[in-house]
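Understanding the architecture of this molecule
Here are the chains, one letter per residue:
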Amino acid sequence: MYAPRRPSRSDHVPVRTLRYHLRTWGTPSAARPPLVLLHGWMDVSASWQFVVDAMAEERFVVAPDWRGFGLTEGGTVDNYWLPDYLADLDWLLDHVALDTPVDLVGHSMGGNIAMQYAGVRPQRVRRLINLEGFGMPARQPEEAPARYGQWIDELKKLHRGEMAMQGYPDPNGVARRLMKTNPRLPQDKADWLARHWAADYEHAEGGTRWAILGDAAHKVVNANIYRVDEALALYAAITAPVLSIEASDDSLARWAGRYTLAEFHERLKAVRDVRRLQLPDCGHMLHHDQPERVAAQIEDFLR
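As a further point, take the environment of Thr-17. Position of Thr-17 relative to the elements: it lies in the loop between strand S1 (9-15) and strand S2 (18-25). Through-space distance from the C-alpha of Thr-17 to that of Cys-282 is 38 Å; in sequence the pair is 265 residues apart.

What follows concerns helix H2 (residues 82-97). With 16 residues, H2 ought to run about 22 Å at 1.5 Å a step, and its terminal C-alpha atoms sit 22 Å apart, in line with that. Inspection of H2 places Tyr-85, Leu-86, Asp-88, Leu-89, Asp-90, Leu-92, Leu-93, Val-96 and Ala-97 among the buried residues, and these make up the whole buried set. Residues of H2 that are buried make contact with S1, S2, strand S3 (35-38), strand S4 (61-64), strand S5 (102-107) and helix H3 (109-120).

Let's shift gears to the side chain of Asp-65. Take Asp-65: it is sitting in the loop between S4 and H2. Summary of buried charges: Asp-65 has no salt-bridge partner, and the nearest side chain of opposite charge, Arg-23, is 4.9 Å away. Looking at Asp-65, its side chain comes within polar contact range of the main-chain nitrogen of Leu-71, at 2.8 Å. Not counting the four nearest positions on each side in its chain, Asp-65 is found in contact with Tyr-20, His-21, His-39, Val-44, Ser-45, Gly-70, Leu-71 and Thr-72.

With the rule as written, the count across this model stands at 18 salt bridges. Between Asp-84 and Arg-16 there is a salt bridge; the shortest N-O distance is 2.8 Å. Here Arg-16 lies in the loop between S1 and S2 and Asp-84 lies in helix H2, a separation of 68 residues in the sequence. Given the relative accessible area of 35%, Arg-16 is considered partly exposed. Note that Glu-162 and Arg-160 form a salt bridge whose closest N and O atoms lie 2.7 Å from each other. Ionic contacts of the salt-bridge type, sharing partners, join the residues Arg-16, Arg-67, Asp-84 and Asp-88 into one network.

We now examine a positive patch on the surface. A contiguous patch of positive charge on the surface is contributed by Lys-157, Arg-177, Lys-180 and Lys-219. Position of Arg-177 relative to the elements: it lies in helix H5 (residues 171-181).

About the cut-offs
Residues numbered from 1 in each chain as written. Predicted model: local features only at pLDDT ≥ 70, side-chain atom pairs only at ≥ 80, totals over all residues. Heavy atoms only, no water. Helix = DSSP H or I, 4+ residues; strand = E, 2+ residues; numbered from the N terminus. Expected span 1.5 Å × (residues − 1). Buried < 20%, exposed > 50% of the residue type's maximum accessible area, 1.4 Å probe, protein only. Contact = heavy atoms within 4.5 Å. Lys, Arg positive; Asp, Glu negative; His and termini not counted. Salt bridge = Lys/Arg side-chain N within 4 Å of Asp/Glu carboxyl O. Polar contact = N/O pair within 3.5 Å; in protein donor to acceptor, adjacent residues only side chain to side chain. Patch = residues over 30% accessible without salt bridge, like charges linked within 9 Å, V, L, I, M, F, W, Y side chains within 5 Å. Areas by Shrake-Rupley, 256 points an atom, 1.4 Å probe, with all protein chains shown as cover. Charge placed at Lys NZ, Arg CZ, Asp CG, Glu CD.

Structural data, given as structure tokens:
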């Protein structure tokens, strides 16, 4: 099994009505701001371990488990809203950085949150790296009635237990699932991740099962349609230099032409100071596929 070179520490801090789990590496320093790493949807903070291990320099690194993921409980909710993540991040930065602007890295959903947050609180972000945080396909206002109906229908499915997360007989089953989703993930890393991505519980019919540490309510569709004009206004308010990193595999191909890399690149023009680069031989989970290259790009951009 993979052996971390820089083991993390775990802590819980109060954020609004929740106890947020934070994973940290290194020691806070007045000479360098915290490096804050934001994981994606159905992922956990431990997902950053390979990148932290690959970094050449020691520094203070913080990675939260978002609400309803990992070791952070979701509270008594039956769906999740993007603005809550923005407020949660603001609370977290109060705890780890006070008034010091941070270096912010986000992957996928975490990248989307980082981009929006940097527009809401530009003074709190020194530099920003977005790993495959593309936003969502454009939606039209006339789609709103059906979208609200879909949201209500999915809430009912959730409450009937029809959206429950799949269980696994043991960590090996979880590791196989991770490797099926990402064929580039090697066995040793999958085995290590499985024990952070899931946890065991007593099954109602007896015995032990392993469940993914993600609230099933995350699978409920957002009630509101995605507003590109709103996203562009937030992009335009970003003052920090931004590095946008894409994988060589086209992650947006799943949208079957409804949303393309070219469209995302057009949106990025709203950011006043942005660089783009593509990493070879990797897919959407580029921080697992190429942690050394991701770490090198992070450290080079943050100097």
